[in-house]
Amino acid sequence: MLLILYRSSEGKVTVTTGHRPALRSGESPSGTTNQTSCDRPVTNFVFIKVHKTGSGSTFLVLARFGRNHGLTICYPIHDQHRRLSYHSPNLNKSVCEPAVWKYTLIINHAIMNKTAMDSIMAPGTRYIGIVRHPLDHFRSMFFYGNQPTRDKVNPIGKYLDSKAHYNPGRGGMGRLGKQVSHQKNFQAYTLGFPRKLFGSRKKSELDETLRTVGSWYSIVLITEYWEESLVLLRRTFCWTTYDILHTTKRIHSLNNPKKSFPLTDTQKETHRKISPIDYLIYEHFNRTFWERAAMEGPDFWDEVAYFKTVNLEVNQHCNISKGERVFPRSKWSPEFAVDSTFCDELNWTTTKWNSELLLQLQRINEEMRRKQAQIDTG
């Protein structure tokens, strides 16, 4: 257990607690020798959790990191589904469980609103996004509330061929007082692209807005290359391999063959016309992701291969024995160990992690109040 006290110039005490593998003397957080810019891990961040993009699996990784590093979560208190601002970008600290100090973690569903989030988050907060190919995302969202029919009818093809005005599906009211559609530019909306520009045909205006939205994020993960994304996240945030380990039971089941109805070129083009901004934002972040990966050099791909192998070995170990196993230091990682506790937590649900982070927030609040009381009384 880590207990770190920070005293401000006003005499207030900030306390963070956590659990993480100890680094050997002189070791950087990444365990590498070629990432000299890595001095300490990023521990203030917001994850924009886009529906049906593998964001649930990402949540599990980030929640464990948040618990291990003693982060204070902006925990949703008004929504039974633990969402902060699902249909509207309006957000303030009243939607969160109270914290004695600023929050250092948002990982539940929330529409990107950088100004509002910056106001309730600790200074230096970084932002993480995630995107999925729009057509695959559309398939997943379409069947979220609609089960595939048993007959030969192709429901998704039929939907795209329909002359109807593509109803919004499940949705709520956005800031503009209009229903938020799950089938129209939903990823772009969640990531903060202004709805008022969804119908714009001005390329310069769209490009400028896209650059602005892109500048908010330290990294945007790509669902189709999720493990590659985790490695780039690790490098960007000075984390360790241990920090990005994940269960293989969820992410590899993203593609359901029962939902893979074939689509014609015309139907695909129809979808592109329905969600043009989703395609625009995906193509932008996909391009910039690979540009950044290329800048990392061949060593990046060596680490990806290493990570996939180690993560698979961790999962196999947890499935078979759940005892302790030590993984030796590598070029990209300090030595770390997994044990029965880690193996159990690897399969925790989002509900369990939410509960754990709420308890941590309450413990931190209590400890900070106790320390402040000691200062006030002298």
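J.: Is there a simple way to explain the packing of aromatic side chains in this structure?
T.: We describe a pair of aromatic rings using the distance from one ring centre to the other and the angle between the two ring planes. Enumeration according to the criterion identifies 21 aromatic pairs in this entry. Between Phe45 and Phe237, the aromatic rings sit 6.4 Å apart at their centres with planes inclined by 45°, giving tilted as the arrangement. Of the two residues, Phe45 is situated in strand 3 (residues 45–47) and Phe237 in helix 7 (residues 226–237); the sequence distance between them amounts to 192 residues. According to the relative accessible area criterion, Phe45 is buried, its value standing at 0%. Residue Phe237 is classed as buried on the basis of its relative accessible area, which comes to 0%.

J.: Where do I start with the sheet that holds strand 6 (residues 219–222) in this structure?
T.: Two pairing modes exist for strands in a sheet, parallel and antiparallel, and in both the strands are linked by backbone hydrogen bonds. Strand order across the open sheet formed by four strands is 4-3-5-6, with parallel pairing between neighbours. The sheet terminates laterally at strand 4 (105–106) and strand 6, the two strands that pair on one side only. Bridge count between strand 3 and strand 5 (residues 126–131): three bridges; the pairing is parallel. When the sheet's bridge partners are listed, Phe45 is paired in strand 5 with Arg126.

J.: Could you clarify how one ought to interpret the nonpolar core in this entry?
T.: Counting residues in hydrophobic clusters, the biggest one holds 83 residues, and the most contacted among them are Phe45, Ile107 and Phe193. Here this core takes seven residues from helix 11 (residues 298–320), the largest share from any one element. Setting aside anything within four residues of it in sequence, one finds Phe193 in contact with Ala188, Phe198, Leu206, Thr209, Leu210, Val213, Ile277 and Ile281. Ile156, Leu160, Phe261 and Ile274 belong to the second-largest nonpolar core, a separate cluster that totals 11 residues.

J.: I keep staring at the environment of Thr43 and nothing clicks. Help me out?
T.: As for its placement among the helices and strands, Thr43 is situated in the loop between strand 2 (13–18) and strand 3. What makes Thr43 partly exposed here is its relative accessible area of 21%. The spacing of Thr43 and Trp239 is 196 residues in sequence and 9.4 Å in space, taken between C-alpha atoms. With residues near it in sequence (within four places) discarded, Thr43 still touches Phe65, His69, Leu71 and Thr104.

J.: Mind showing me how you'd approach the packing of helix 9 (residues 265–274) against helix 10 (residues 276–296) here?
T.: In a pair of packed helices, the angle between the axes and the distance between the axes together describe the arrangement. Between helix 9 and helix 10, the shortest axis-to-axis distance is 4 Å and the interhelical angle comes to 90°. Viewed along their axes, helix 9 and helix 10 adopt a mutual orientation that is roughly perpendicular. Along the contact surface, helix 9 presents Lys268, His271, Arg272, Lys273 and Ile274, while helix 10 presents Pro276, Tyr279 and Glu283.

J.: Which parts of the structure should I look at to understand the environment of Glu283?
T.: With respect to the helices and strands, the residue Glu283 is situated in helix 10. Given a relative accessible area of 38%, Glu283 falls into the partly exposed group. When the C-alpha atoms of Glu283 and Pro134 are compared, they prove to be 9.7 Å apart, with 149 residues separating the residues in sequence. One polar contact links Glu283 to Arg272, side chain to side chain, over a distance of 3.2 Å.

J.: Explanation requested: the packing of helix 10 against helix 11 in the structure shown.
T.: Interaxial distance between helix 10 and helix 11 falls to 5 Å at its minimum, and their mutual angle equals 100°. Here helix 10 is positioned roughly perpendicular relative to helix 11, judged by the angle of their axes. Here Trp290, Ala293 and Glu296 of helix 10 lie close against helix 11, whose contacting residues are Pro298, Asp299, Phe300 and Trp301. Looking at the contact of helix 10 with helix 11, its residues break down into five nonpolar, no polar and two charged.

J.: It is not clear to me how the confidence of the model for the chain should be interpreted in this structure. Could you clarify?
T.: Low-confidence regions, as indicated by low pLDDT, have predicted coordinates that should not be scrutinised in detail. The predicted model of the chain has a mean per-residue pLDDT of 83, with 78% of residues at 70 or higher. Note that pLDDT drops below 50 for residues 1–36; the model gives that stretch 91 contacts with residues more than four away or on any other chain. Low pLDDT, under 50, characterises residues 168–177; the predicted model gives this stretch 32 contacts beyond four residues in sequence or across chains.

J.: What should I look at first to understand helix 6 (residues 203–215) in this one?
T.: In an α-helix, one full turn covers 3.6 residues, which means residues spaced three or four apart are oriented alike. Look at helix 6: 18 Å from first C-alpha to last across 13 residues, which is about the 18 Å you get at 1.5 Å a residue. Contacts from the buried residues of helix 6 go to helix 10.

J.: For this particular structure, what's the right way to read helix 3 (residues 134–142)?
T.: Of all nine residues in helix 3, eight are buried, a share of seventy percent or more. Those residues of helix 3 that sit buried are Pro134, Leu135, His137, Phe138, Arg139, Ser140, Met141 and Phe142. The secondary structure elements touched by the buried residues of helix 3 are helix 4 (155–161), helix 5 (186–190), helix 9 and helix 10.

J.: Looking at this model, I keep getting lost on the pairing of strand 5. Mind explaining?
T.: In regular strands, side chains alternate between the two faces of the sheet. Summarising burial for strand 5: five of the six residues are buried, a large majority. Relative to strand 6, strand 5 runs parallel, the two being bridged by four bridges. The residue of strand 6 that forms the bridge with Val131 is Ile222.

J.: Please explain the pattern of salt bridges as it appears in this structure.
T.: Side-chain pairing between opposite charges can occur once the charged atoms of the two side chains come close. A full pass over the atoms with the stated rule returns 14 salt bridges. For Asp207, the salt bridge identified is with Lys203, shortest N-O distance 2.6 Å. Placement of both Asp207 and Lys203 in helix 6 is noted, with a separation of four residues, approximately one turn of the helix. The partly exposed category is assigned to Asp207, whose relative accessible area is 21%. On the basis of relative accessible area, Lys203 is assigned to the exposed category, the value being 61%. A single salt-bridge network, built from bridges that share partners, covers Arg234, Arg235, Glu296, Asp299, Glu303 and Lys331.

What counts, and where the lines are drawn
- Residues numbered from 1 in each chain as written.
- Predicted model: local features only at pLDDT ≥ 70, side-chain atom pairs only at ≥ 80, totals over all residues.
- Heavy atoms only, no water.
- Phe/Tyr/Trp six-rings, centres within 6.5 Å; stacked < 30°, edge-to-face > 60°.
- Helix = DSSP H or I, 4+ residues; strand = E, 2+ residues; numbered from the N terminus.
- Buried < 20%, exposed > 50% of the residue type's maximum accessible area, 1.4 Å probe, protein only.
- Pairing = 2+ DSSP bridges.
- Core = buried A, V, L, I, M, F, W, Y, C linked by side-chain atoms within 4.5 Å.
- Contact = heavy atoms within 4.5 Å.
- Axes fitted to C-alpha atoms, helices over the stretch in contact; angles between N-to-C directions.
- Parallel < 35°, antiparallel > 145°, perpendicular 65-115°, else oblique.
- Polar contact = N/O pair within 3.5 Å; in protein donor to acceptor, adjacent residues only side chain to side chain.
- Nonpolar A, V, L, I, M, F, W, Y, C, P; charged D, E, K, R; others polar.
- pLDDT = per-residue confidence, 0-100.
- Expected span 1.5 Å × (residues − 1).
- Salt bridge = Lys/Arg side-chain N within 4 Å of Asp/Glu carboxyl O.

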